[in-house]
Amino acid sequence: MRFFAPNMDAAARARLRLETRLGTAIAAQALSLHFQPQVDVVGGRLVGVEALARWTDAELGAVGPAEFIPVAEATGMIVPLGAWVLDEACRQAAEWRLDVPVAVNVSPAQLIREDFVDVVAATLARHAVRPERLKLELTERLTVQDPGRAAQQLTRLRALGVILSLDDFGAGTSAVASLLTLPLQEVKLDRSLLAGVTEDPSSWQVLRALLALARSLNLPVVVEGVETPGQLAALRALGCAAVQGFLTGRPAAPEVMGRRLDLGRLSSVE
Ligand code: C2E
Ligand code: MG
Ligand code: MG
Ligand code: MG
């Protein structure tokens, strides 16, 4: 009697198919980017734009990054995929003449490569983007395998002049202190920290403590996943400077984001 094997075979086959299709899509540069605004809480001004990878496959349909990024990481495909994301985000930022940083997510497997800093420098040069207009979003997973190497790479990137942001802070389990000794210019608080913040006093206290910690280290904060006016009001009351969430703008295709940027320019001219 085989209960599990047929299922496992199906799962393994599905996984292999995803891998194959993803490899083809990366080689054909068939992925795309969506862009989500990061805005300042007080004035509503744009302070950054995050590039998020999107993939719609002819056979598999739309596959989200939460599904395909781990596959890309496990197979090494994240290296060419990540290089493409970096290039396309910088190309688009240059086309828009964006005057705030474009933020790009970087996986640990990309960061630890010897040539990563050169790849970043070459990409900036290719599109004539100034280093301070590029923000690299890193997760705490980068410190798990080789913290010394990670710190060394971050120091080299800092010397290049790009902005280093710690993504999803508060979602994981790493030692807070060791993360915050890295040469960072920003920390993004994970959206899980917002759950219950308008109803539950202890959630509010945790968020308040993390904002105070960041402030004491002079680290600017972006809070992720703000969906309701109540959450925004709570963050404003806590003195949080910047947010990124569905309330202030969903991730959008470049055409849509471009129109939003044009509208922003018009209204700031008035
Ligand atoms: P992330 O870097 O933390 O990006 C923010 C994610 O939160 C995005 O999901 C965004 O759509 C979502 N989000 C933004 N505001 C809200 C909100 O108000 N409510 C909720 N529920 N969600 C919100 P997305 O685009 O599905 O990406 C998921 C993750 O996949 C990203 O999380 C990032 O870790 C990874 N990822 C996406 N693109 C890339 C990429 O080009 N390279 C790498 N290495 N990772 C990427
Ligand atoms: Mg991110
Ligand atoms: Mg995040
Ligand atoms: Mg996240």
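Residues numbered from 1 in each chain as written. Chains lettered and ligands numbered in written order. Predicted model: local features only at pLDDT ≥ 70, side-chain atom pairs only at ≥ 80, totals over all residues. Heavy atoms only, no water.

(A) View of the overall build of the protein chain. Along its length, the protein chain carries eleven helices and nine strands. The C-alpha atoms of the protein chain give a radius of gyration of 20 Å, which matches the 18 Å a tight globule of 270 residues would have. Dimensions of the protein chain, computed from C-alpha atoms along their principal axes, come out at roughly 60 × 50 × 40 Å. Buried positions account for 44% of the 270 residues belonging to the protein chain. The long-range share in the protein chain, meaning contacts at least 24 apart out of those at least 6 apart in sequence, stands at 67%. When the accessible surface of the protein chain is summed, it comes to about 13700 Å², and 58% of that surface belongs to carbon and sulfur atoms. Across the protein chain, the centroid of the 27 positively charged side chains sits 2 Å from that of the 30 negatively charged ones. (Helix = DSSP H or I, 4+ residues; strand = E, 2+ residues; numbered from the N terminus. Rg over C-alpha atoms; globule rule 2.2 N^0.38 Å. Buried < 20%, exposed > 50% of the residue type's maximum accessible area, 1.4 Å probe, protein only. Contact = heavy atoms within 4.5 Å. Areas by Shrake-Rupley, 256 points an atom, 1.4 Å probe, with all protein chains shown as cover. Lys, Arg positive; Asp, Glu negative; His and termini not counted. Charge placed at Lys NZ, Arg CZ, Asp CG, Glu CD.)

(B) Structural view of helix H5 (residues 116-127). Its twelve residues place the ends of H5 17 Å apart at the C-alpha level, agreeing with the 16 Å of an ideal helix rising 1.5 Å per residue. Those residues of H5 lying buried are Phe116, Val117, Val120, Thr123, Leu124 and His127. Taken end-on, H5 shows its buried residues confined to a sector of 130 degrees, consistent with a single buried face. With respect to the buried face of H5, the exposed residues turned more than 90 degrees away are Asp118, Ala125 and Arg126. (Expected span 1.5 Å × (residues − 1). Arc of directions from axis to C-beta.)

(C) Structural context of the site of ligand 1. Residues in contact with ligand 1 amount to 21 residues; listed here are only the nearest, Arg54, Asn105, Asp167, Glu227 and Phe246. The contact in question runs from an oxygen atom of ligand 1 to an N or O atom on the side chain of Asn105, over 2.8 Å. A distance of 2.5 Å separates a nitrogen atom of ligand 1 from a polar atom in the side chain of Glu227. In isolation ligand 1 offers 800 Å² of accessible surface; the protein chains occlude 83% of this area. Every element with two or more residues in the shell around ligand 1 is listed here: strand S2 (46-57), helix H2 (65-75) and strand S6 (163-169). Broken down by element, the shell around ligand 1 gets its largest block of residues, four residues, from S2. The residue makeup of the shell around ligand 1, split by class, is eight nonpolar, five polar and eight charged. (Near = heavy atom within 4 Å. Polar contact = N/O pair within 3.5 Å; in protein donor to acceptor, adjacent residues only side chain to side chain. Nonpolar A, V, L, I, M, F, W, Y, C, P; charged D, E, K, R; others polar.)

(D) Structural context of the coordination of the magnesium ion (ligand 2). Around the magnesium ion (ligand 2), the donor atoms from the protein are Glu50 (OE), Asn105 (OD1), Glu137 (OE) and Asp167 (OD), and they sit 2.0 to 2.2 Å away. In this model, the magnesium ion (ligand 2) sits 4.0 Å from the magnesium ion (ligand 3), the two metals being bridged by Asp167. With Asn105 in strand S4 (residues 102-106) and Asp167 in strand S6, the pair connects residues that are 62 residues apart, well separated along the chain. (Donors = N, O, S within 2.8 Å, 3.2 Å for Na, K, Ca; no water.)

(E) Representation of the packing of aromatic side chains in the model. Going through the model one piece at a time under the given rule, you end up with two aromatic pairs. Taking the centre distance of 4.9 Å and the plane angle of 70 degrees together, the rings of Phe35 and Trp96 count as edge-to-face. Placement of Phe35 in strand S1 (residues 32-40) and of Trp96 in helix H3 (residues 78-96) is noted, with a sequence separation of 61 residues between them. On the basis of relative accessible area, Trp96 is assigned to the buried category, the value being 11%. Relative to Phe68, the ring of Trp55 has its centre 5.8 Å away and its plane inclined at 90 degrees; by these criteria the two rings are edge-to-face. Note that Trp55 is positioned in strand S2 and Phe68 in helix H2, a separation of 13 residues in sequence. (Phe/Tyr/Trp six-rings, centres within 6.5 Å; stacked < 30°, edge-to-face > 60°.)

(F) Molecular detail of the environment of Arg133. Residue position: Arg133 is located in the loop between H5 and strand S5 (134-138). Each C-alpha atom of the pair Arg133 and Asp99 lies 7.4 Å from the other, and the pair is 34 residues apart in sequence. Excluding anything up to four places from it in sequence, Arg133 contacts Leu98, Asp99, Val100, Pro101 and Val102. At 3.4 Å, the side chain of Arg133 and the backbone oxygen of Asp99 are in polar contact.

(G) Looking closely at the pattern of salt bridges. This structure, assessed with the given rule, holds 17 salt bridges. A salt bridge links Glu73 to Arg141; the shortest N-O distance between them is 3.2 Å. Separated by 68 residues along the polypeptide, Glu73 in helix H2 and Arg141 in the loop between S5 and helix H6 (142-145) bring together distant segments of the chain. Glu73 sits in the partly exposed class, given a relative accessible area of 21%. Between Arg91 and Glu95 there is a salt bridge, with its nearest N and O atoms 2.8 Å apart. Linking Arg91 with Glu95, this pair stays in helix H3, spanning four residues, or about one helical turn. Using a relative accessible area of 29% as the deciding quantity, one classes Arg91 as partly exposed. Exposure remark for Glu95: the relative accessible area of 51% places this residue in the exposed category. When salt bridges with common partners are traced through the structure, they connect Arg17, Arg21, Asp57 and Glu59 into a single cluster. (Salt bridge = Lys/Arg side-chain N within 4 Å of Asp/Glu carboxyl O.)

As far as function goes, none of this settles anything; it's purely spatial.
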